[in-house]
Amino acid sequence: MDEFVSTVENQVIGLHPLDTQAAFLNIPYHFFFGNDNNAADFMPNDAIRLSFYRALKQFPILAGYLRPEGTGQTSVVIDKDDLNMPEYVESTSNTHYDTLRESHFHHSAWPKGLTRASAITMAGPAGRIRLANAHVVRLKDNSGVIIFINIPHYVVDGTGFFSFVELWGKHCLAERTGDGQLAQQASQLEYCFDRDIISRHLPAERKPLGNETMQAYTGFSPIADWLAWLSPNTRGRVLNKAKFSSGVVSHTFRVSRQALDSLRKEVGGFIADGSEDQLTDRYLLAAVLSKLIARAHLHRKQQDKANVSVAGWLLGAAWSALGVVAGLVGYGARLLCCSSSGNSSAKSDSGRYQSLNLLDDVRHGLGIVDKQYMGNGLLPHNTQCPLDVLEMPITPKSLAQAVDLIRPIYENADAALVASFVDLLTSNPKSFTRPMIYMAKNPELLVITCEMEFKLYASDFGDGPPEWVCTIPSFVANFI
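Residues numbered from 1 in each chain as written. Predicted model: local features only at pLDDT ≥ 70, side-chain atom pairs only at ≥ 80, totals over all residues. Heavy atoms only, no water.

Colleague: Summarise the overall build of the protein chain; cite the residues concerned and give the values.
Modeller: Counting its secondary structure elements, the protein chain contains 18 helices and 13 strands. Counting over 480 residues, the protein chain shows a buried share of 55%. Contacts in the protein chain between residues at least 24 apart in sequence constitute 81% of all its contacts with a sequence separation of at least 6. Of the accessible surface of the protein chain, which amounts to about 20,100 Å², a share of 50% is contributed by carbon and sulfur atoms. (Helix = DSSP H or I, 4+ residues; strand = E, 2+ residues; numbered from the N terminus. Buried < 20%, exposed > 50% of the residue type's maximum accessible area, 1.4 Å probe, protein only. Contact = heavy atoms within 4.5 Å. Areas by Shrake-Rupley, 256 points an atom, 1.4 Å probe, with all protein chains shown as cover.)

Colleague: Please set out unusual backbone geometry residue by residue, giving values where relevant.
Modeller: Positive phi, close to 40°, is recorded for Met-43, a residue that is not glycine. Among the structural elements, Met-43 can be located in the loop between β2 (26-34) and α3 (45-58). The phi dihedral of Asp-141 is positive, around 60°, even though this residue is not glycine. Residue Asp-141 is classed as exposed on the basis of its relative accessible area, which comes to 62%.

Colleague: Residues and numbers for the environment of Lys-371, please.
Modeller: Along the chain, Lys-371 falls in the loop between α14 (362-366) and β11 (378-386). Relative accessible area serves as the criterion here: at 38%, Lys-371 is assigned to the partly exposed category. Note: C-alpha distance between Lys-371 and Tyr-191 (180 residues apart in sequence) is 7.8 Å. Those residues in contact with Lys-371, other than ones at most four positions away along the chain, are Cys-192, Ile-197 and His-201.

Colleague: Break down the packing of α3 against helix α5 (residues 158-177) for me, citing the residues and quoting the values.
Modeller: A pair of packed helices is characterised by two quantities: the angle between their axes and the separation of those axes. Contact geometry for α3 and α5: axes closest at 8 Å, N-to-C directions at 130°. Taken together, the axis directions place α3 and α5 in an arrangement best described as oblique. Where α3 crosses over α5, the handedness of that crossing is right-handed. Along the contact surface, α3 presents Ala-47, Ile-48, Leu-50, Ser-51, Phe-52, Arg-54, Ala-55, Leu-56 and Gln-58, while α5 presents Phe-164, Leu-167, Trp-168, His-171, Cys-172, Glu-175 and Arg-176. Its residues placed into classes, the contact of α3 with α5 shows ten nonpolar, three polar and three charged. (Axes fitted to C-alpha atoms, helices over the stretch in contact; angles between N-to-C directions. Parallel < 35°, antiparallel > 145°, perpendicular 65-115°, else oblique. Left-handed = near helix turned anticlockwise from the far one by under 90°. Nonpolar A, V, L, I, M, F, W, Y, C, P; charged D, E, K, R; others polar.)

Colleague: Please give an account of the environment of Met-85 that cites residues and values.
Modeller: Considering the arrangement of structural elements, one finds Met-85 in the loop between β4 (73-78) and β5 (87-92). Here Met-85 falls in the buried class, since its relative accessible area comes to 16%. The sequence separation of Met-85 and Ile-61 amounts to 24 residues, and the corresponding C-alpha distance is 10.0 Å. In this view, Met-85 contacts Met-1, Phe-4, Tyr-53, Leu-56, Ala-63 and Arg-130; residues no more than four positions away in its chain are not counted.

Colleague: Provide a residue-level description of the sheet that holds strand β7 (residues 144-152), including the pertinent values.
Modeller: The strands that make up a sheet are held in pairs by hydrogen bonds between backbone atoms, and each pair lies either parallel or antiparallel. Read from one edge of the open sheet, five strands run β5-β6-β7-β2-β13, paired in mixed fashion. Strands at the two margins of the open sheet, each flanked by one partner only, are β5 and β13 (468-470). Each strand axis lies, on average, 10° off the axis of its neighbour in the sheet, ignoring direction. The pairing of β5 with strand β6 (residues 133-138) spans six bridges and is classified as parallel. Within β6, the position partnered with Val-89 by the bridge is His-135. Contacting β5, β6 and β7, α3 runs over the sheet at an angle of about 170° to β5. The strands that α5 touches are β2, β5, β6 and β7; relative to β7, the one it contacts most, it runs at about 140°. (Pairing = 2+ DSSP bridges.)

Colleague: Account for the environment of Ala-416, naming residues and giving values.
Modeller: Tracing the sequence through the fold places Ala-416 in helix α17 (residues 415-427). For Ala-416, a relative accessible area of 10% corresponds to the buried category. Between the C-alpha atoms of Ala-416 and Leu-202, which are 214 residues apart in sequence, the distance is 7.7 Å. Setting aside anything within four residues of it in sequence, one finds Ala-416 in contact with Pro-203, Glu-205, Arg-206 and Lys-207.

Colleague: Explain the packing of aromatic side chains to me, using residue names and the numbers behind them.
Modeller: Applying the stated criterion across every chain yields a total of 24 aromatic pairs. A centroid spacing of 4.9 Å and a plane angle of 45° characterise the contact between Phe-59 and Tyr-191, whose relative ring orientation is tilted. Of this pair, Phe-59 sits in the loop between α3 and β3 (65-70) while Tyr-191 is found in the loop between α6 (180-188) and α7 (196-200), placing the two residues 132 residues apart along the sequence. On the basis of relative accessibility, which here comes to 1%, the residue Phe-59 falls in the buried class. Taken together, a centroid distance of 5.2 Å and an interplanar angle of 85° make the contact between Tyr-217 and Phe-421 edge-to-face. Of this pair, Tyr-217 sits in helix α8 (residues 211-217) while Phe-421 sits in helix α17, and the two are 204 residues apart along the sequence. The class for Tyr-217 is buried, based on a relative accessible area of 4%. Taken together through their ring pairs, the aromatic side chains of Phe-33, Phe-52, Tyr-53, Phe-59, Tyr-88, Phe-164, Trp-168, Tyr-191, Phe-193 and Phe-461 make up a single cluster. Directly above the ring of Tyr-65 sits Arg-128, whose terminal nitrogen or CZ lies 4.4 Å from the centroid. (Phe/Tyr/Trp six-rings, centres within 6.5 Å; stacked < 30°, edge-to-face > 60°. Lys NZ or Arg CZ within 6 Å of the ring centre and 35° of its normal.)

Next comes the structure, spelled out in structure tokens:
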């Protein structure tokens, strides 16, 4: 840690309006590593701890503190004399790794106290919101290690989060192997935290935002304005007291690469333009999930079982339609499905449309993917898809019809659309809390984000990549 502190330079990073959209949420993940070779030096704590602080030297923002600058505006202050150091905890557990593997890594088998943060960004006992929490748990008989890491959405999105975890692993691998070249390469990696990069790449052109997006971010909402007015600490307390994410159970499914490619081949033959090459994983999975949810709602309505949660129907539909088996070994697409409990209403046929929020990344539209920008780049596509398409039985042809609805929405996300969205947020900094209220008023809204570009399984601390990666047991309702 002293090595990191000695390198800190004072700076203030003004957060961009894009950073505020999910500012009330954390990014918490668990990484499970098994010691299948019974190695005595398996992922040693000293090396993991040392490499954490080495990675932190390249992510100094994680040792800063949040400073409100006015309604909807926040800065991160990095002060070498007043650092807000990440929480770093080490512990041991009597749980054996085999127990976790046999349970398919279900959270009911996890060691107690593993998760150090909830879905909501909140201040800790010291009265500050830590910008990183890490917990390294060594399992019984050195059978494995679990690493929990959380970073608030205030400072990074998925790109920044998994870039940090991957860098942490690189430093650890270099330290353990004594590979000076790898250590130098890792130390020379540069990351951009300058939020002005967004403004510098905005074009002069603009295009209209969709009606659903305008409804989510504009309009009269005293509650949203009040939440935006609160400090980050107070807003976190309010949302926690309101039990914003209570009653939510998260589920992780794994689909093999082979199964996804096979499905793409079947669906590709029915795509409107006849081009299977245009059928990306993102389009296909968004179509699959949209239809699963729509049919789950339909099934629930037909059966009139008010006490059964959407999650239960989703799980049943997923297994029957795709043969998705939780805990399947292999690397492919990872789906994180979070759904509320049976007490939440689901107006699946309101207007005969399914409300969707398809999250995209402004880096692609602005052409800055290669700039290593670590700030938030979420671009929401709020839309409605007709239920007469989504409720059809799941077949390659009906999936292709859903893809034909969803693909143009993603393809519309060029630089002009990004610029219009940034204009919307900049003109009203308080608007970042409005989608939260919009979601509360529209409990049938389904949010879909694609994390396949984030290299969830790229972190290698010297004994290979993790076997399983997942978020916390209770995240946010209707978020996939």
